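# Architecture and fold: a report
The primary structure of each chain is shown beneath.
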Amino acid sequence: AQTVTQSQPEMSVQEAETVTLSCTYDTSESNYYLFWYKQPPSRQMILVIRQEAYKQQNATENRFSVNFQKAAKSFSLKISDSQLGDTAMYFCAFMKHRYNNNDMRFGAGTRLTVKP
Amino acid sequence: KAGVTQTPRYLIKTRGQQVTLSCSPISGHRSVSWYQQTPGQGLQFLFEYFSETQRNKGNFPGRFSGRQFSNSRSEMNVSTLELGDSALYLCASSLDWDGANVLTFGAGSRLTVL
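Not measured: the values here are computed from a predicted model.

All names here are of chain B. In the structure shown here, the tally under the stated rule is two disulfides over all chains. The disulfide that involves cysteine 23 links it to cysteine 91, with 1.7 Å between the sulfurs. Since a negative S-S torsion denotes a left-handed disulfide, the cysteine 23-cysteine 91 link at about -55° is left-handed. Remark: cysteine 91 occurs in strand β9 (residues 87-94) and cysteine 23 occurs in strand β3 (residues 19-24); sequence separation between them is 68 residues. Accessibility classification places cysteine 23 together with cysteine 91 in one group, the buried group.

This next bit is on the nonpolar core. Counting residues in hydrophobic clusters, the biggest one holds 25 residues, and the most contacted among them are Tyr25(A), Trp36(A), Phe75(A), Leu77(A) and Tyr90(A). At the level of secondary structure, the elements contributing two or more residues to this core comprise β3 (19-21), β5 (32-39), β6 (46-52), β8 (64-69), β9 (74-79), β10 (88-96) and β12 (110-115) of chain A. Sort the elements by how many residues they give to this core and β10(A) lands first, with four residues. When neighbours within four sequence positions are excluded, Phe75(A) is seen to be in contact with Cys23(A), Tyr25(A), Leu34(A), Phe35(A), Trp36(A), Gln51(A), Val66(A), Asn67(A), Phe68(A) and Cys92(A). Counting residues in each nonpolar core, the second largest holds 21 residues, with Val4(B), Leu21(B), Cys23(B) and Phe60(B) among its members.

The next thing to look at is the pairing of strand β11 (residues 109-113) of chain B. Regular strands place their side chains on alternate faces of the sheet. Residues and elements named next belong to chain B. The two faces of β11 differ: Ser109, Leu111 and Val113 on one face are buried, but Arg110 and Thr112 on the other face are not. Sheet analysis places strand β2 (residues 10-13) next to β11, joined by four bridges and oriented parallel. Bridge pairing in β11 links leucine 11 to leucine 111. Across three bridges, the pairing between β9 and β11 is antiparallel. Of the residues in β11, the one forming a bridge with leucine 88 is arginine 110.

This next bit is on the sheet that holds strand β7 (residues 64-68) of chain B. Residues and elements named next belong to chain B. If you walk across this open sheet you meet the four strands as β1-β3-β8-β7, and the pairing is antiparallel. Each of the sheet's edge strands pairs with one partner strand only, and the pair in question is β1 (5-7) and β7. Neighbouring strand axes in the sheet, compared pairwise and without regard to direction, differ in orientation by 15° on average. Two strands pair when backbone bridges link them, and β7 and strand β8 (residues 74-78) are joined in this way by five bridges, in the antiparallel orientation. Bridged to phenylalanine 64 within β8 is valine 78.

We now examine the packing of aromatic side chains. Residue and element names in this part refer to chain B. All chains considered together, the criterion is met by 16 aromatic pairs over all chains. A ring pair is formed by phenylalanine 47 and tyrosine 49, whose centres lie 5.6 Å apart and whose planes are at 70°; its orientation type is edge-to-face. No difference in accessibility class separates phenylalanine 47 from tyrosine 49, as the two residues are buried. Look at phenylalanine 60 and phenylalanine 64: their rings are 5.2 Å apart centre to centre, the planes differ by 65°, and that puts the pair in the edge-to-face class. The buried category is assigned to phenylalanine 64, whose relative accessible area is 4%.

Residues and elements named next belong to chain B. Among the secondary structure elements, glycine 58 is positioned in the loop between β6 (53-57) and β7. C-alpha of glycine 58 to C-alpha of phenylalanine 69: the two residues are eleven residues apart in sequence and 20 Å apart in space. Sequence-distant contacts of glycine 58, that is, excluding residues within four places in its chain, are made with Phe45, Leu46 and Phe47.

Moving on, we get to the side chain of Ser72(B). When you line up the elements, Ser72(B) lands in the loop between β7 and β8. Looking at Ser72(B), its side chain comes within polar contact range of the main-chain oxygen of His29(B), at 3.4 Å.

At the interface, 27 residues of chain B touch 21 residues of chain A. Roughly 2,000 Å² of surface becomes buried between chain B and chain A when both sides are summed, with 50% attributable to carbon and sulfur atoms. The interface formed by chain B and chain A includes zero salt bridges. Only β4 (31-38), β5 (42-50), β6 and β9 of chain B provide two or more residues apiece to the side of chain B that touches chain A. The element contributing the most residues to the side of chain B that touches chain A is β4(B), with four residues.

Reading the values: rules and limits
Residues numbered from 1 in each chain as written. Chains lettered and ligands numbered in written order. Predicted model: local features only at pLDDT ≥ 70, side-chain atom pairs only at ≥ 80, totals over all residues. Heavy atoms only, no water. Disulfide = S-S within 2.5 Å. Helix = DSSP H or I, 4+ residues; strand = E, 2+ residues; numbered from the N terminus. Buried < 20%, exposed > 50% of the residue type's maximum accessible area, 1.4 Å probe, protein only. Core = buried A, V, L, I, M, F, W, Y, C linked by side-chain atoms within 4.5 Å. Contact = heavy atoms within 4.5 Å. Pairing = 2+ DSSP bridges. Axes fitted to C-alpha atoms, helices over the stretch in contact; angles between N-to-C directions. Phe/Tyr/Trp six-rings, centres within 6.5 Å; stacked < 30°, edge-to-face > 60°. Polar contact = N/O pair within 3.5 Å; in protein donor to acceptor, adjacent residues only side chain to side chain. Buried area = accessible area lost by both parts, 1.4 Å probe. Salt bridge = Lys/Arg side-chain N within 4 Å of Asp/Glu carboxyl O.

Here it is, written out as C-alpha cells:
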C-alpha cells in the first residue's frame, strides 16, 4: 500500500522569505505521480505542482519548486518569496501511473502561515 | 469554464438519516472521485466513477455509495448516518486521458451529523 507522510503539522514563514515543506512516501511502484495541493481557508483544493516519477528534472511553477529524490522517496516543496496568500494547508499526494485509476493518496497536511 | 460544483455546501442531519450529495464536474471531464476529509483521518478516498461505472473504491462501509449519470454528474449517498460521518466531502473531476490526471476539486459539502 502507498503511504504519504508529512512530518511537519505546522510551519510559519515571514513574508518574502523561503520555506520548504517536507514529504516522504512509500511505494513499490516504479512509475507514479506526486502532487502538492493547497487548501486555503476557503477550503477549495488547488493544484500547486505535479511531478512525474520517471522525469528526473524537478518541476517548477513560478515561485513553487520541488526537490524530488526518487531513491530516498522524498518530495519536498519549496516556496520562494512567500506571500500572505500562500497561507493554507498543503497536502502532498501520490498517484500510481496506471490507466483507469485516479485513486490519489494524501498526506496529513502541513498548515503554513505566512506572517507579514 | 465553470469549475467543479458541489451541492449542498452545508447540511445538518441526525443519526440514522441518509444524505445525498451532488457533484457536477468540469465540462468534458468524465472521471469523478469522492473524498472524505476529517481532522482525525485526513483525506480518504471513497470511490471513483467513470462513464457511469464505479472504477475504484476505497475502504469504506457499504453505507457509502455513489453513482454517475450519463452527463458525468455524480451523486454520493450515505445511509444510516453515524456521528463519525461528520466531515467535509470533496468531489474531484479529471479528464482521464493520460493515466494520471490532475484532479480538480470542488469546494466541498460540509456534513454535520447530530
